[in-house]
Amino acid sequence: MATIRLDSDERRRAIVAAAVPLFARKGFAGTTTKEIAEAAGISEALLFRHFPSKKHLYDEILRLGCEGDPALERLATLEPSTATLVHMIHFMVRYFLLGAGVDRAEIDTRLRLMLHSFLEDGEYARELFDRIFERVHPLFAASIENRFWFSQHVAAMVAFVLLPGRASVPYQGTPITLVEEASWFILRGIGMKEAALGTALAADAKQPLQPAPA
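Below you will find a few notes about this structure. Think of each chain on its own: its residues are numbered from 1, step by step along the sequence as written. Under the rules for a predicted model, residues below a pLDDT of 70 receive no local features and side-chain atom pairs below 80 are neither given nor counted, while totals for whole chains, interfaces and linings still include all residues. As a convention, hydrogens and water are excluded, and side-chain values are obtained from all of the structure's heavy atoms.

## Description of the overall build of the chain
Counting its secondary structure elements, the chain contains eleven helices and zero strands. Helix and strand assignments follow DSSP, with helices taken as H or I runs no shorter than four residues and strands as E runs no shorter than two, numbered in order from the N terminus. From first element to last, N terminus to C terminus, the chain shows the α and β order α-α-α-α-α-α-α-α-α-α-α. Out of the 214 residues belonging to the chain, those deemed buried represent 42%. Whether two residues touch is decided by their heavy atoms; if any such pair falls within 4.5 Å, the residues are in contact. Across the chain, every contact between residues at least 6 apart in sequence was considered, and the portion connecting residues at least 24 apart equals 67%. Surface accessibility in these figures is a Shrake-Rupley result with a 1.4 Å probe; residues are shielded only by whichever protein chains are displayed. When the accessible surface of the chain is split by element, carbon and sulfur atoms take 57% of a total near 11900 Å². Each residue is assigned to one of three classes by its accessible area relative to the maximum for its type, calculated with a 1.4 Å probe on protein chains only: buried under 20%, partly exposed between the two thresholds, exposed over 50%.

Shown next as structure tokens:
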């Protein structure tokens, strides 16, 4: 069988694709470069030619997970307003719990990477939060004062509970109902009035924010 030769960028993407499931399953510390090389179908020597260390590989995974994200690009086009705040919160909860246009397996993998980071040195989670914060927080802060992380953590924690497949907490209702209730809870918690909230959520349910088409 002929060997398929990849150019440098293609090889790097292939290595990342092979490494992400390993990091998600075993964590940064628990994954060896030998395992990564075997998963990518290459030698460790070739792996080190593209990524001198696991840290360099982790950084590339982080970069690819943030840069050019259609959801973040779409949010960046919105104007600060109450309606934008509702869009952001509703989209964030939909993204974590339903996928909102992203493959469910990809989101689960990202969540597992984050959890492993919390259990290790937290560096991956810290850098990811910093990059998201740079892109999203200015718009959020312009719509309401600094409540961004409170909202993100509520949505993410519900997603963590659902991650095993059989929820660790017996939430009632369908996933869509859970999105609506979690969005309402967050928005009430950061001070939105029920009249404005009800009107905006009803409108958003008819035309929810989605990532821009590729």
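Here the narrative resumes.
## Some thoughts on the packing of helix H6 (residues 82-98) against helix H8 (residues 123-143)
One can describe the packing of H6 onto H8 by two numbers: an axis separation of 9 Å at closest approach and a directional angle of 135 degrees. The orientation of H6 relative to H8 falls into the category oblique. The handedness of the crossing between H6 and H8 is left-handed. Of H8, the residues touching H6 (which contributes Thr-84, Leu-85, Met-88 and Ile-89) are Val-136, Leu-139, Phe-140 and Ser-143. Asp, Glu, Lys and Arg are counted as charged, while Ala, Val, Leu, Ile, Met, Phe, Trp, Tyr, Cys and Pro are counted as nonpolar; the rest, among them Gly, fall into the polar class. Here the residues of the contact of H6 with H8 are counted per class, giving six nonpolar, two polar and no charged. Whenever a helix is involved, its axis is fitted only over the stretch in contact; in every case the axis is a line through C-alpha atoms, and angles between N-to-C directions fall within 0 to 180 degrees. In what follows, roughly perpendicular refers to angles from 65 to 115 degrees, roughly parallel to angles under 35, roughly antiparallel to angles over 145, and oblique to any angle outside these ranges. The sense of a crossing depends on the near helix, which, turned anticlockwise from the far helix by less than a right angle, makes the crossing left-handed and, turned clockwise, makes it right-handed.

## Section: the pattern of salt bridges
Salt bridge, as applied in this entry: a Lys or Arg side-chain nitrogen positioned within 4 Å of an Asp or Glu carboxyl oxygen. Evaluated as defined, the whole model comprises five salt bridges. Linking Arg-126 and Glu-123 is a salt bridge whose minimum nitrogen-to-oxygen distance equals 2.6 Å. Placement of the pair is Arg-126 and Glu-123 together in helix H8, with a separation of three residues, close to one helical turn. Given a relative accessible area of 42%, Arg-126 falls into the partly exposed group. The network of salt bridges with common partners includes Lys-55, Asp-59 and Glu-127.

## Some points on helix H10 (residues 175-189)
Here the expected span of a helix is defined as 1.5 Å times the quantity of residues minus one. Along its 15 residues, H10 runs 21 Å from first to last C-alpha, staying within 8% of the 21 Å computed at 1.5 Å per residue. Regarding H10, the residues found buried are Leu-178, Val-179, Ala-182, Ser-183, Ile-186 and Leu-187. Each buried residue of H10 sits inside an arc of 155 degrees when the element is viewed along its axis, so together they form one side. Downstream of H10 by a residue or two, Gly-191 has a phi angle that is positive, lying close to 100 degrees. The directions from the helix axis to the C-beta atoms form the arc being described.

## What to know about helix H1 (residues 8-30)
Helix length check: H1 (23 residues) gives 27 Å between terminal C-alpha atoms against 33 Å at 1.5 Å per residue, more than 12% under. Two axes enter the definition of the bend at a residue: one is fitted to the seven residues ending there, the other to the seven starting there, and the bend is the angle between them. Along H1, the largest kink reaches about 85 degrees and is centred on Ala-24. All buried positions along H1 are accounted for by Arg-11, Ile-15, Val-16, Ala-18, Ala-19, Val-20, Leu-22, Phe-23, Ala-24 and Gly-27.

## Observations concerning the environment of His-50
Inspection of the secondary structure assignment puts His-50 in helix H3 (residues 44-50). Look past the residues within four positions of His-50 in its chain and what remains in contact with it is Ser-8, Arg-11, Arg-12 and Ile-15.

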